[in-house]
Amino acid sequence: LGAVGDPAVTRRIYRTIGAELDGLGLNLNLAPTVDVNTADDNPIIGTRSFGAEPDRVAAHAAAAVSGLQSARVAACAKHFPGHGATLADSHLELPTVDIDLDLLRRRELPPFAAAIEAGTKSIMTAHIRVPVLTGDAPATFSRAVLVDLLRGELGFTGVVITDALEMLGAARHAGGIPQ
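Residues numbered from 1 in each chain as written. Predicted model: local features only at pLDDT ≥ 70, side-chain atom pairs only at ≥ 80, totals over all residues. Heavy atoms only, no water.

Draft legend 1. Representation of the pattern of salt bridges within the structure. For the coordinates displayed, the defined rule picks out six salt bridges. With a shortest N-O distance of 3.1 Å, D136 and R129 are connected by a salt bridge. (Salt bridge = Lys/Arg side-chain N within 4 Å of Asp/Glu carboxyl O.)

Draft legend 2. Region of the structure containing the side chain of D163. Along the chain, D163 turns up in the loop between strand 4 (159–161) and helix 7 (168–174). Buried charge without a salt bridge: D163, with R48 as the nearest opposite-charge side chain at an N-O distance of 6.4 Å. Beyond its immediate stretch of four places on either side in the chain, D163 contacts H79, M124, T125 and H127. (Helix = DSSP H or I, 4+ residues; strand = E, 2+ residues; numbered from the N terminus. Buried < 20%, exposed > 50% of the residue type's maximum accessible area, 1.4 Å probe, protein only. Lys, Arg positive; Asp, Glu negative; His and termini not counted. Contact = heavy atoms within 4.5 Å.)

Draft legend 3. The arrangement of the pairing of strand 3 (residues 122–125) in detail. What you see with strand 3 is no split at all: S122 and M124 on one side and I123 and T125 on the other are buried throughout. Direction of pairing for strand 3 relative to strand 4: parallel, over a ladder of three bridges. Opposite I123, over in strand 4, you have V160 as the bridge partner. (Pairing = 2+ DSSP bridges.)

Draft legend 4. Quick look at the sheet that holds strand 1 (residues 28–29). Sheet architecture is open: four strands sit in the order 1-2-3-4, paired in parallel fashion. Each having just a single partner strand, strand 1 and strand 4 make up the two edges of the open sheet.

Draft legend 5. Region of interest: the environment of F80. Within the secondary structure layout, F80 lies in strand 2 (residues 74–80). Other than its neighbours up to four places away in sequence, F80 contacts L109, F112, I123, M124, T125, A126, A139, V145, L149, L150 and L154.

Draft legend 6. The layout of surface pockets, seen in detail. What the largest pocket holds in volume is close to 150 Å³. In terms of lining residues, the largest pocket is bounded by L1, G2, A3, Y14, P32, T33, T47, R48, S49, F50 and G51. (1 Å grid on protein atoms, 1.4 Å probe; cavity = no way out; pocket = protein on both sides within 12 Å on 5 of 7 lines; lining within 4 Å. Points joined across faces, edges and corners; volume = space filled by probe spheres on them.)

Draft legend 7. A look at the environment of D98. Within the secondary structure, D98 is located in the loop between strand 2 and helix 3 (101–108). When its relative accessible area of 63% is taken as the criterion, D98 is described as exposed. Through-space distance from the C-alpha of D98 to that of F50 is 22 Å; in sequence the pair is 48 residues apart.

Draft legend 8. Focus on the side chain of H127. Positionally, H127 belongs in the loop between strand 3 and helix 5 (131–134). Here T140 takes part through its side chain, which lies 2.7 Å from a polar atom of the side chain of H127. In terms of polar contacts, H127 uses its side chain to reach the backbone carbonyl oxygen of D163, at 3.4 Å. (Polar contact = N/O pair within 3.5 Å; in protein donor to acceptor, adjacent residues only side chain to side chain.)

Draft legend 9. Expanded view of the pairing of strand 2. Across the seven residues of strand 2, seven count as buried, placing the element largely inside the fold. By the bridge criterion, two bridges tie strand 1 to strand 2 in an arrangement that is parallel. Residue pairing across strands places L28 opposite A74, the latter belonging to strand 2. Regarding the hand of the β-α-β motif, the stretch spanning strand 1, helix 2 (residues 54–70) and strand 2 is right-handed. Relative to strand 3, strand 2 is paired through four bridges, and the arrangement is parallel. Bridging from a neighbouring strand, F80 pairs with T125 of strand 3. (Right-handed = clockwise from strand over helix to strand, strands pointing away.)

Without other data, these values stay purely geometric and don't point to any function.
See the structure below:
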């Protein structure tokens, strides 16, 4: 949909998806993926992303959220604070996005801000390490990411959920699985 480049089309498609889910009695879709896919060799986000340009991804993120939620299905923007610049699969290891806060705010966060502005009901965390905020831990377990950045700076008041905790990007940090 990002390649098509028309947020109105994205909205209509997500409204259709939402209507189908609503018809089945489902009221939450773990979508859209709003990561800015800046790493060409990203093994996990790829075509799930609306693209590599923050403004384009932000426009499609807002359209997708609006479309789903106009059909009475809650959207879940993912993977906060942005999984698009990784070269590792968080199912298998803890990827690192080693950027400064300015770049994070300019590149990774605009789609999440747009999804929040569009009223997304939930946001899913990423099992990624952003050293400037998380140190060696995943964003999933980071107060700096989830409370200070997401709640405080971006003003999100909805439901925060985690990606699957058995993914090694989280499980190895949470304990029980050898490093």
